[in-house]
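Residues per chain are reported as follows:
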Amino acid sequence: MAWTAISTRNETPPIARGGWLDALRFIVAFAIILHHFQAAGPIPLAEALHPVFERGGFLLTNFFLIDSGYVLMRVYGGAVGRGAMSPGDFFIKRFLRVYPAHLIMGLGLVALVLISAVAGVAPRNPEWFRWDQLAAQLTLTQAFGIPGGLGWNAPTWSISALVGCYVLFPYILRALARLGPWTALAAVVGLYLLGNAATHAFLGYPVYQMPMGFGFFRALPLFVLGMGLAVVSERVFVTPRLARIVGVSAAVGLAVVQFYGKNALISLTFISLIILAAGALPVVRPSKLIERASVVSFSMFITNEVVRIAWFGVANVLIARYALPTSVQWGVWGAGVVAAVIFAFAFHAAIDAPMQNRIKAWLAQGRKGRAPVEKGAVVSLEG
């Protein structure tokens, strides 16, 4: 393949809806559901099929955090960088994108636990619903060393960590804007390796094993890595043919190394290559189905743990009472996974999307007189 397959002179494709980046977001969101549900079957999937179903959580979280930095950099980098959107406006917009849905699901879970208690149904694992853990989680402060946040809708620690990343985004952007694409890539990779070495030296474990209570320090290097990958995507042209080869090879490589163990740094490299490859592919024929699925991915993430708790709270009682055979239990488990996806689509259509439309209209009123920062379908890619 000619050296011109990679060039800093050709124009790179813009980020757009309905392509591989959208598809990846939905795939990862669905895989997160499988990961959270895997232990609720008659036999945990990690035992029945492969340990990757258990340890895959760190992979999926890594992808989620890297992709967040990547997409936000490509969608908002220009506006924030040239001053069309202030750091404060950026933070408010991002915070209001994630917090209302988080609060609704958190309070919904509280209501579920209280109603169950009134009905005389105690949770099987009451330690997951300690009241002293709730405040930090509902306020999304659990990833900053503030006590609390364990149990309940526990996966939201990563949303908490991203809130801190939103604060720092404009300032990291300014630092990366001064660098060339390859220098920026080297800098963000070096930052991650430095953070990994520091946690190994001072804490005795890698950065991806940072406890949820300090999740911000786990998330930030990955978020910045995604921002650096976005700099490369915006300034380095890669031919679609090479992007496909790299993307497929990286996906196969990721599957192979996971078959043999966690292989964290190698897996992280493959995840980065997959995102770079997806971003290099122009969206020639955008798919409305893929776009729709991607838009719902946030709702899938924020709701699936609550659905799992509610579904198996009922299912486990029925299984015990009627001694349901294993085959039926697997059917109940599969129906739970389907219910999580259906609930996410319904939550998005009935609650999240209308609520976000009102928030966007309110924010637009507050920005009257300014040049519009975002228009069209592309900007909502991060949501």
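Structure first, text after, so check above.
The structure presented is a predicted model; accordingly, all values stated were derived computationally and were not measured.

Caption draft 1: Quick look at the overall build of the protein chain. Each helix and strand counted, the protein chain has 13 helices and two strands in total. In terms of C-alpha radius of gyration, the protein chain reaches 21 Å, essentially the compact-globule figure of 21 Å for 383 residues. If one aligns the C-alpha atoms of the protein chain with their principal axes, the spans along those axes are about 70 × 55 × 50 Å. A buried classification covers 51% of the 383 residues belonging to the protein chain. Partitioning the contacts of the protein chain with sequence separation of at least 6, the portion at a separation of at least 24 is 79%. With the model as given, the accessible surface of the protein chain reaches about 18,000 Å², and the carbon-plus-sulfur share is 68%. Mean positive and mean negative side-chain charge positions of the protein chain (29 and 14 charges, respectively) differ by 6 Å.

Caption draft 2: A look at the side chain of Ser294. Take Ser294: it is sitting in helix α11 (residues 288-295). Beyond its immediate chain neighbours, meaning those up to four positions away, Ser294 contacts Arg17, Asp22, Arg25 and Phe26.

Caption draft 3: Highlighting the pattern of salt bridges. Under the definition given, this model contains six salt bridges. Ionic pairing is found between Asp22 and Arg17, a salt bridge with its closest N-O pair at 2.8 Å. What makes Asp22 buried here is its relative accessible area of 0%. Classification of Arg17 by relative accessible area gives buried; the value is 5%. Among the ionic pairs, Asp132 bridges to Arg130, the shortest N-O distance being 2.6 Å. Here Asp132 falls in the partly exposed class, since its relative accessible area comes to 48%.

Caption draft 4: Molecular detail of the environment of Ile290. Topologically, Ile290 is positioned in helix α11. As for Ile290 and Asn62, which are separated by 228 residues in sequence, their C-alpha atoms are 22 Å apart. In contact with Ile290, not counting residues within four places along its chain, are Gly18, Gly19, Asp22 and Ala23.

Caption draft 5: Seen up close, the layout of surface pockets. Of the voids in this model, the largest pocket is the one considered here, and its volume is about 1,500 Å³. Broken down by secondary-structure element, the contributors of at least two residues to the lining of the largest pocket are α1 (20-37), α3 (52-81), α4 (87-118), α6 (157-177), α12 (297-322) and α13 (326-366). Ranked by residues supplied to the lining of the largest pocket, first place goes to α12 with 12 residues. For the lining of the largest pocket, a count of residues per class yields 30 nonpolar, 14 polar and five charged. The calculated volume of the second largest pocket comes to roughly 780 Å³. Around the second largest pocket sit 28 residues that line it, and Leu24, Ile27, Ala251, Leu254 and Ile274 are the ones nearest its centre. Of all the secondary structure elements, the ones that give two or more residues to the lining of the second largest pocket are α1, α3, α9 (240-260) and α10 (264-280). Residue composition of the lining of the second largest pocket, grouped by class: 22 nonpolar, five polar and one charged.

Caption draft 6: Up close: the environment of Ile351. Structurally, the position occupied by Ile351 is in helix α13. In this structure, the C-alpha to C-alpha distance between Ile351 and Ala101, residues 250 residues apart in sequence, is 8.2 Å. In contact with Ile351, other than residues within four places in its own chain, are Ile104 and Ala346.

Caption draft 7: Layout of empty space enclosed by the protein. One pass over the full model with this rule turns up two cavities of 30 Å³ or more. Size it by volume and the second largest cavity reaches roughly 60 Å³. Taken together, Pro14, Ile15, Ala16, Gly19, Trp20, Leu21, Arg74, Ala278, Gly279, Leu281 and Val283 make up the lining of the second largest cavity. Grouping the amino acids of the lining of the second largest cavity by side-chain chemistry returns eight nonpolar, two polar and one charged.

Caption draft 8: Representation of a nonpolar patch on the surface in the model. The grouping of Val248, Val252, Val256, Phe259 and Tyr260 at the surface amounts to a nonpolar patch, some 560 Å² of accessible area in total. Looking at the element boundaries, Val248 is found in helix α9.

Caption draft 9: Structural detail: the packing of α3 against helix α8 (residues 215-235). The N-to-C vectors of α3 and α8 enclose an angle of 50°; their axes lie 7 Å apart at closest approach. One way to sum up the angle between α3 and α8 is to call them oblique. The interaxial crossing formed by α3 with α8 has right-handed handedness. Of α8, the residues touching α3 (which contributes Phe58, Thr61, Asn62, Leu65, Ile66, Ser68, Gly69, Tyr70, Leu72, Met73 and Arg74) are Arg218, Ala219, Leu222, Phe223, Leu225, Gly226, Met227, Leu229, Ala230, Val231, Ser233 and Glu234. Residues belonging to the contact of α3 with α8 are distributed by class as follows: 14 nonpolar, six polar and three charged.

About the cut-offs
Residues numbered from 1 in each chain as written. Predicted model: local features only at pLDDT ≥ 70, side-chain atom pairs only at ≥ 80, totals over all residues. Heavy atoms only, no water. Helix = DSSP H or I, 4+ residues; strand = E, 2+ residues; numbered from the N terminus. Rg over C-alpha atoms; globule rule 2.2 N^0.38 Å. Buried < 20%, exposed > 50% of the residue type's maximum accessible area, 1.4 Å probe, protein only. Contact = heavy atoms within 4.5 Å. Areas by Shrake-Rupley, 256 points an atom, 1.4 Å probe, with all protein chains shown as cover. Lys, Arg positive; Asp, Glu negative; His and termini not counted. Charge placed at Lys NZ, Arg CZ, Asp CG, Glu CD. Salt bridge = Lys/Arg side-chain N within 4 Å of Asp/Glu carboxyl O. 1 Å grid on protein atoms, 1.4 Å probe; cavity = no way out; pocket = protein on both sides within 12 Å on 5 of 7 lines; lining within 4 Å. Points joined across faces, edges and corners; volume = space filled by probe spheres on them. Nonpolar A, V, L, I, M, F, W, Y, C, P; charged D, E, K, R; others polar. Patch = residues over 30% accessible without salt bridge, like charges linked within 9 Å, V, L, I, M, F, W, Y side chains within 5 Å. Axes fitted to C-alpha atoms, helices over the stretch in contact; angles between N-to-C directions. Parallel < 35°, antiparallel > 145°, perpendicular 65-115°, else oblique. Left-handed = near helix turned anticlockwise from the far one by under 90°.

These figures capture arrangement, not role.
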